[in-house]
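A look at the structure
Here is how the chains run, residue by residue.
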Amino acid sequence: MIILSLHSGLQDSGAALFEDYTLLAAVQQERLTRRKGDGGLPSAAVIEALTIAGLPAGRVDALVISRGHYPLSYFHASPPLPTDGGAAGFVDLAMTLASTSADHPSRIFNSRALLADLGLPPGIPVFFANHHRAHALSALFHTDWDRALIYTADGGGDNVHYSHHLLKDGQLACLFGDDRWLRTPRRVDSLGQLYGLATEALGFRANRHEGKLTGLAGYGQATIADDIARHFSVDDGGLIGSDFASVEAMGLFLRKAIVGQTPEDAAASVQAVLERVMSRSIECLLDRHDVRRLALAGGVFANVRLNRCLAGIGGIDEIFIFPGMGDEGLPIGGALDYLLTRDGLPIWLTNRRRLDDVFWGQAFDQSIDSILEADLGIVRLPGEPAEVAAGLLAQGLAGAIFAGRSEFGPRALGNRSILASPADAAINQRLNARLKRSEFMPFAPCVRAEDAAAVFDITPVNAYACRFMTITTSVREAWKARIPAVVHVDGTARPQIVIPDRQPLYADILRRFKAATGLPVLVNTSFNAHEEPIINRPEECLQALLRDRVDFVVTPLAVYRRACGSAA
């Protein structure tokens, strides 16, 4: 059965395609439109997912959609349609449903029109996925646990900001956050919104630059954390609450609270509150239900410092954060929700599998080299690609790797990554200048699995998460001074553990770089300039090389540099 799943939101729209439990493709709309965090109906992502799978739209057997924001034309005209602060012409399906007495979204939403616009067969079933349940299932499905807490947190979806699910004794129970809360008064309790408001108050862009706040926090002291934290509570069931009357009141309080604070101290304070309150909530739930494995999804868990804090809760055996933790991951979780509804929990649980990678986009290995070689401003270097690339990196140059299918989610994981030596901390400033970035956090490191535990504090708790660069961990003391470009001010790093069988070129570059320098680690940062999505297509790679974003590009076949005097 071919299942097409999509999320249409104000940002982070995308699509995924499954053949039963096998994920064939997952594509973020931004990678195609080249607009960071792009929202709206993801028509381009739908076409791309079908193209990757080599399937016509007529082969789709079921459509899954999130209850996000859709064009007004898909809604029946009565009753009034709340937009929930959305873009002009787009309506929030969940909030519209909550404002009516309709017992199902199909009562207010014209599924036939959507099927027709996407070119899908007119009679196929349309399934409406719950926002936080989709987040939760995207994380749980990629574990093999029989007992776990699945916790989601974000700025909001389907009228809540959190969900708590418990897998235990062969049952999956929702403790908070499902459709029972759809028509209740919306709570003002979101730590995700708090973090976004702080990001905005410090002059950055909410829903875009929260990572800058996380980096900035490392340089400050939590001077007003107690003042902020006293407005939040955690009840005996682990549910977070606040005494703010509205999100606007939360924002006003925060803007007043940071007056007189340095940006670093303000950021450190908000980060401390996030870690303190979230830890209390999750620890309460783990203890109350006697489980020791923790699965996380939702945009709040893009915060790698928070995730390390949660991994440190006493007694946790393993933590996993779904790599597409933001709303871009909803199409994957939505399809898994459909499969769970179709097949039942016992069958669904037996089909789970741990993630090997998140390479679910398009591959261009058949065209990247010809496109690079066709440009007169590019020259191909002789020699074995991994050896040549490692040599250039050892000389202090920065290069990009373009190989295989593109990554899904916010992290570049070695198929569309910029690589550099970690030996010189100044590489951070030089690369940021070339990429027009203003980052406060050092770049992330990549390391082969065989070397990871010698350099970083890799444990059974965090090893799975470290495969996908979703958590920070301590750097071994002997290595901190040798790889300063990837060490945070608090002595941690955000590593990616590379499995050679999965990424042979990437792993071979690391192996040869270690042989040349004694360093088993490389800098890995995403292959994109400031405010651009991660590079997807060969033409974008070519332009980045011509514009001096990097010194070279390595593919499975060769290494390429600009010809002398060809930089744009």
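Presented here is a report on the structure given in the accompanying data block. (Residues numbered from 1 in each chain as written. Predicted model: local features only at pLDDT ≥ 70, side-chain atom pairs only at ≥ 80, totals over all residues. Heavy atoms only, no water.)

Details of the overall build of the chain
Formally: What counts as a helix is a DSSP run of H or I of at least four residues, what counts as a strand is a run of E of at least two, and both are numbered from the N terminus. Our radius of gyration looks at C-alpha atoms and nothing else; its globule reference is 2.2 Å times the residue count to the power 0.38. Relative accessibility thresholds used throughout: buried, under 20% of the residue-type maximum; exposed, over 50%; partly exposed, between the two (1.4 Å probe, protein chains only).
Looking only at helices and strands, one finds 21 helices and 26 strands in the chain. Taken against the 2.2 N^0.38 rule, which gives 24 Å for 568 residues, the C-alpha radius of gyration of the chain at 23 Å falls within 12% of a compact globule. Reported as C-alpha extents along the three principal axes, the dimensions of the chain are approximately 70 × 55 × 45 Å. Sorting the 568 residues of the chain into buried and exposed places 60% on the buried side.

So, the environment of Ala311
What counts, and what does not: Throughout, a contact is declared for two residues whenever any of their heavy atoms are within 4.5 Å.
Looking at the secondary structure, you find Ala311 in helix H11 (residues 304-311). Aside from chain neighbours lying at most four places away, what touches Ala311 is Ile316, Ile319, Val461 and Ile471.

Concerning the nonpolar core
Stated precisely, the cut-off is as follows: Only buried residues count toward a nonpolar core. Its members are Ala, Val, Leu, Ile, Met, Phe, Trp, Tyr and Cys residues joined through side-chain atoms within 4.5 Å.
Core analysis: the biggest nonpolar cluster contains 120 residues, and Tyr151 and Met278 have the highest contact counts within it. Sorting elements by how many residues they give to this core places helix H10 (residues 263-289) first, with 12 residues. In this view, Met278 contacts Tyr151, Ala153, Tyr162, Leu191, Ile240, Val273, Val300, Phe301, Leu306 and Leu310; residues no more than four positions away in its chain are not counted.

A look at the sheet that holds strand S20 (residues 444-448)
Operational definition: Should DSSP find at least two bridges between two strands, the strands are regarded as paired. Each axis is a line fitted through C-alpha atoms, taken for helices only over the stretch in contact, and angles between the N-to-C directions span 0 to 180 degrees.
One open sheet accounts for eight strands, arranged S16-S26-S25-S17-S19-S24-S20-S23; its pairing is mixed. The outermost strands of the open sheet, each flanked by one partner alone, are strand S16 (378-381) and strand S23 (496-498). Taken pair by pair, the neighbouring strands of this sheet meet at an average axis angle of 35 degrees, ignoring direction. As paired elements, strand S19 (residues 416-420) and strand S24 (residues 521-526) share four bridges and run antiparallel to each other. Across the sheet, Ile418 pairs through a bridge with Thr525, a residue of S24. Across the face of the sheet, helix H20 (residues 504-517) comes into contact with strand S17 (399-402), S19, S20, S23, S24 and strand S25 (552-554) while running at roughly 90 degrees to S20. Across the face of the sheet, helix H21 (residues 538-546) comes into contact with S16, S17, S25 and strand S26 (559-562) while running at roughly 45 degrees to S26.

A closer look at the pattern of salt bridges
Heads up, the condition is: We define a salt bridge as a side-chain nitrogen of Lys or Arg found within 4 Å of a carboxyl oxygen belonging to Asp or Glu.
For the coordinates displayed, the defined rule picks out 35 salt bridges. With a closest N to O distance of 3.5 Å, Arg34 and Glu540 form a salt bridge. Taken together, the residues span a long stretch of sequence, with Arg34 in the loop between helix H1 (29-33) and helix H2 (43-53) and Glu540 in helix H21 at a distance of 506 residues. A salt bridge links Asp178 to Arg180; its shortest N-O distance comes to 2.9 Å. Salt bridges here are not isolated pairs; linked through shared partners, they connect Glu384, Glu387, Asp508, Arg511 and Arg512.

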